[in-house]
Amino acid sequence: MIDIDNATCDECATCVSVCPVDAIVLDDRVTIDNKKCISCGRCVAVCPVGALTPAVRAGAPAPMREKGTGT
Amino acid sequence: MTSTRYFDIAVIGGGPAGIVAATHAAKGGRTVCLVDRKKSPGYPVRCGEAIGLKGFASSVSLKQEWIRSRISYMKLVSPSGIAVTVPNNYEGYIVDREKMEKDLTADAVALGVEFFAGMSVVSVLPHTDGGYECRSSSSVIRAQCVILAEGVESRLARALGWTTCLAPGDLHSCAFARIAHDDVEPGTCVFYLGAGRAPGGYVWVFHRGGNTANVGLGVMGARCQKGMPRALLYSFINEKFPGARVTDFHCGGVPMGKWIRPLVKGGVMLAGDAAHMMNCVSGAGIAYALYSGRAAGTVAAESFSGGMCSHESLKEYQNRWASFYGRQQDRSYAIKEVMVGFTDAFLDGVARSVMRNGAKKMSILSIFVKAFISRPLLLLKVMRLLR
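Residues numbered from 1 in each chain as written. Chains lettered and ligands numbered in written order. Predicted model: local features only at pLDDT ≥ 70, side-chain atom pairs only at ≥ 80, totals over all residues. Heavy atoms only, no water.

**Q** Even after reading the chapter, I still don't get the packing of helix α1 (residues 16–27) of chain B against helix α6 (residues 286–302) of chain B, so can you show me in this structure?
**A** A pair of packed helices is captured by two measures, namely the crossing angle of their axes and the spacing between those axes. Residue and element names in this part refer to chain B. Between α1 and α6, the least distance of the axes is 7 Å, while the angle of their chain directions is 30°. The angle between α1 and α6 places the two elements in the roughly parallel class. Crossing of α1 over α6 shows right-handed handedness. In this structure, α1 uses Pro 16, Ala 17, Val 20, Ala 21, His 24 and Ala 25 to contact α6, whose residues at the interface are Ala 289, Leu 290, Ser 292, Gly 293, Arg 294, Gly 297, Thr 298 and Ala 301. (Axes fitted to C-alpha atoms, helices over the stretch in contact; angles between N-to-C directions. Helix = DSSP H or I, 4+ residues; strand = E, 2+ residues; numbered from the N terminus. Parallel < 35°, antiparallel > 145°, perpendicular 65-115°, else oblique. Left-handed = near helix turned anticlockwise from the far one by under 90°. Contact = heavy atoms within 4.5 Å.)

**Q** Would you take a moment to explain the interface of chain B and chain A for this structure?
**A** The extent of an interface is frequently quoted as the accessible surface area lost upon association of the parts. Taken together, the contact between chain B and chain A spans 36 residues of the former and 31 residues of the latter. Both faces combined, the contact of chain B with chain A buries some 2,600 Å², and carbon together with sulfur accounts for 52% of it. The largest contributions to the chain B side of the interface with chain A come from Arg 155, Arg 158 and Lys 226 of chain B, which together make up 24% of the buried area. Linking chain B with chain A are three salt bridges, by the criterion used here. Between Asp 22 of chain A and Arg 158 of chain B there is a salt bridge whose closest N-O contact spans 3.7 Å. (Buried area = accessible area lost by both parts, 1.4 Å probe. Salt bridge = Lys/Arg side-chain N within 4 Å of Asp/Glu carboxyl O.)

**Q** I would appreciate a short explanation of helix α9 (residues 344–357) of chain B in the present structure.
**A** Over its 14 residues, α9 of chain B runs 20 Å from end to end, which matches the ideal 20 Å to within 8%, given 1.5 Å per residue. Residues of α9 of chain B that are buried: Phe 346, Leu 347, Asp 348, Gly 349, Val 350, Ala 351, Ser 353 and Val 354 of chain B. (Expected span 1.5 Å × (residues − 1). Buried < 20%, exposed > 50% of the residue type's maximum accessible area, 1.4 Å probe, protein only.)

**Q** So what exactly am I meant to see when it comes to the pattern of salt bridges here?
**A** For side chains bearing opposite charge, pairing can occur when the charged atoms are close. Residue and element names in this part refer to chain B. Throughout the structure, instances matching the rule amount to 24 salt bridges over all chains. A salt bridge links Arg 320 to Glu 316, with the nearest nitrogen and oxygen atoms 3.1 Å apart. Separated by four residues within a single helix, Arg 320 and Glu 316 lie in helix α8 (residues 316–339), roughly one turn from each other. Among the residues examined, Arg 320 registers a relative accessible area of 25% and is labelled partly exposed. What emerges from the salt-bridge pattern is a single network uniting Glu 49, Arg 68, Asp 96, Arg 178, Arg 208 and Asp 248.

**Q** For this particular structure, what's the right way to read the environment of Tyr 6 of chain B?
**A** All names here are of chain B. Structurally, the position occupied by Tyr 6 is in strand β1 (residues 3–12). Looking at Tyr 6, the relative accessible area reads 59%, which means it is exposed. Once the C-alpha coordinates of Tyr 6 and Trp 66 are considered, the two residues, 60 residues apart in sequence, prove to be 34 Å apart.

**Q** What exactly am I supposed to notice about the state of the cysteines here?
**A** One way to say it: the disulfide is the covalent bond shared by the sulfur atoms of two cysteines. Going through the model one piece at a time under the given rule, you end up with zero disulfides over all chains. Free of any disulfide, Cys 251 of chain B has its nearest cysteine sulfur in Cys 12 of chain A, 3.7 Å distant. We classify Cys 251 of chain B as buried; its relative accessible area is 1%. In this model Cys 309 of chain B remains outside any disulfide bridge; the closest cysteine sulfur is found in Cys 145 of chain B, 4.8 Å from its own. Judged by relative accessible area, which is 11%, Cys 309 of chain B ranks as buried. (Disulfide = S-S within 2.5 Å.)

**Q** Could you clarify how one ought to interpret the pairing of strand β12 (residues 171–180) of chain B in this entry?
**A** Along a regular strand, successive side chains alternate from one face of the sheet to the other. Residue and element names in this part refer to chain B. With 10 of 10 residues buried, β12 is to be regarded as a mostly interior element. Alternating positions in β12 separate into two faces, Leu 171, Ser 173, Ala 175, Ala 177 and Ile 179 on one and His 172, Cys 174, Phe 176, Arg 178 and Ala 180 on the other, with burial throughout. Where β12 lies against strand β16 (residues 245–255), nine bridges are found, and the strand directions are antiparallel. Directly across from Arg 178, in β16, lies its bridge partner Thr 247. (Pairing = 2+ DSSP bridges.)

**Q** Would you mind going over the nonpolar core with me for this structure?
**A** General note: in soluble globular proteins, nonpolar side chains tend to be found buried as a group. By size, the foremost hydrophobic cluster in this structure holds 72 residues, and its most contacted members are Ile 9, Val 124, Ile 141, Ile 147, Leu 148, Met 269 and Tyr 317 of chain B. By residue number, the principal contributor to this core is α6 of chain B, which donates 10 residues. Excluding residues that lie within four positions of it along the chain, Ile 147 of chain B makes contacts with Ile 9, Ala 10, Val 11, Ile 12, Ala 21, Met 269, Ala 271, Ala 296, Gly 297 and Ala 300 of chain B. Ranked by size, the runner-up nonpolar core spans 43 residues in total, among them Cys 19 of chain A together with Ala 177, Tyr 192 and Cys 224 of chain B. (Core = buried A, V, L, I, M, F, W, Y, C linked by side-chain atoms within 4.5 Å.)

Read these as layout, nothing more, since geometry by itself doesn't imply function.
Given below as structure tokens:
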């Protein structure tokens, strides 16, 4: 589950390009389908302006940051 | 009420690849539309705006009024601050991309391309009567052939079965700004390396006429943390250009992976960033986008006969791309995979050797030989990538 701050978002779609489950859409603005989201955290890490935040919901386990896959 | 419009070729995405694709498809005598999500072509610019002269020669005739600065030399600055000037064997420009794209769009429209601005296509799907149906919230476009040039997110292509999701190691998360400051060096592209400045990437300063410059940086996605590119860009500007006037801050993702294969499925072609076309060392993508647009548009037009499009003959596009820039990108990817393993100490060592021996004696090859001696596993990795 991810929250987006649309006021900070620059609509560059970097998050869309790394989402492995196609849960992020850029139309008039960026929206996240939290039903599809697997909380991998890739979008949070790569957003250049930090507009995305793992959502902490009551009773839900804390989202995990996926291990980097680079060399 | 939804209206349906019919074209031979629909181009989705009004960046350099899409505009040039539409232009060449129209030159080939087809009915063409160009659709862009944004209301005004060319804005905002998420780019350093650098392009070599050769990058134009193959695709578009360069207009003098697009040129903001002529680049006569490049400079690399090592992590500890050793500046190495690269002897120039290169003619390049910093161009006004917004103006360029507006002019190119006007040229396309003059050739008969129908331009739909501010139209966000949400799906492209095969139609039961043949061809494809492109839908936005308010209208439907039907076309025999679709060229997707929608940018790095390449989302419409995903729905058609392409894997376009980028691995975090194959993406640069970037921040850009224009600055005005008297310390900007005229006629220069300066690159700053170092994990402290841009982990897995670099900072660049491109002179853009007068005392202005495009300043930007890319951080490798796998080494990026929340908001890092913007924070690093502002701290770089404050350090090197204190008190600079900063305008046009934007950000973006740059694909630094392999180009997507296949480039053609059925009657759909991918071009530019949407096909992940990018020089993975320099991060230069405009020339690739222009060429892929020209090749896609030309091949699409040539594939029509008597109003029908032969999907088989569209595949020629991939052959043209592969032999023109495709192989160069494959090589750049292998080089990038080595370079991300360079430590700051290694880069400083190279810079010191260059200062001692002169840049001419320090070939790219000798740098790589050094790298392979210190990290033998890299050689295996590169051999695998180049095979």
